[in-house]
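Residue-level structure breakdown
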Amino acid sequence: MEELRMYLNSLSLEEQREFATKCGTSIGYLRKALSRNHELGAALCVLIEKASNGSVTRKNLHPSDWVSIWPELMAA
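Residues numbered from 1 in each chain as written. Predicted model: local features only at pLDDT ≥ 70, side-chain atom pairs only at ≥ 80, totals over all residues. Heavy atoms only, no water.

On to helix H4 (residues 42–51), then. Structural remark: α-helix, 3.6 residues per turn; residues separated by three or four positions point the same way. Along H4, the positions that sit buried rather than exposed are Leu 44, Cys 45, Ile 48, Glu 49 and Ala 51. Looking at the buried residues of H4, the elements they touch are helix H1 (2–9), helix H2 (13–22), helix H3 (27–36) and helix H5 (58–61). Within two residues after H4, Asn 53 carries a phi angle of roughly 55 degrees, on the positive side. (Buried < 20%, exposed > 50% of the residue type's maximum accessible area, 1.4 Å probe, protein only. Helix = DSSP H or I, 4+ residues; strand = E, 2+ residues; numbered from the N terminus. Contact = heavy atoms within 4.5 Å.)

Next up, the structure:
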């Protein structure tokens, strides 16, 4: 989650809002999830990875269980 926090902090407030919109959520939700260290859903993690152009990865957002969620990433 630290990768996501750093990525968001590198963006302006307007860019953060645009990023969250691309991910189908709000910056408020992302910030709340970060502050409470909530696990993000698999679909949202995929959208975050795409919207960040790979700067924030699914593997980073789910470090302990990404293999069971996205086994296809093992080959990559």
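As a further point, take the nonpolar core. Counting residues in each nonpolar core, the largest one holds 22 residues, and the members touching the most others are Leu 4, Leu 8, Phe 19, Leu 30, Leu 40, Ile 48 and Leu 61. When residues of this core are traced back to their parent elements, those giving at least two are H1, H2, H3 and H4. (Core = buried A, V, L, I, M, F, W, Y, C linked by side-chain atoms within 4.5 Å.)

Across all of its chains, the model carries 4 salt bridges by this definition. Across the pair Glu 49 and Arg 58 runs a salt bridge, and its minimum N-O distance is 2.7 Å. Each of the two residues, Glu 49 as well as Arg 58, counts as buried. Here the salt bridges share partners, and the residues they tie into one network are Glu 49, Arg 58 and Glu 72. (Salt bridge = Lys/Arg side-chain N within 4 Å of Asp/Glu carboxyl O.)

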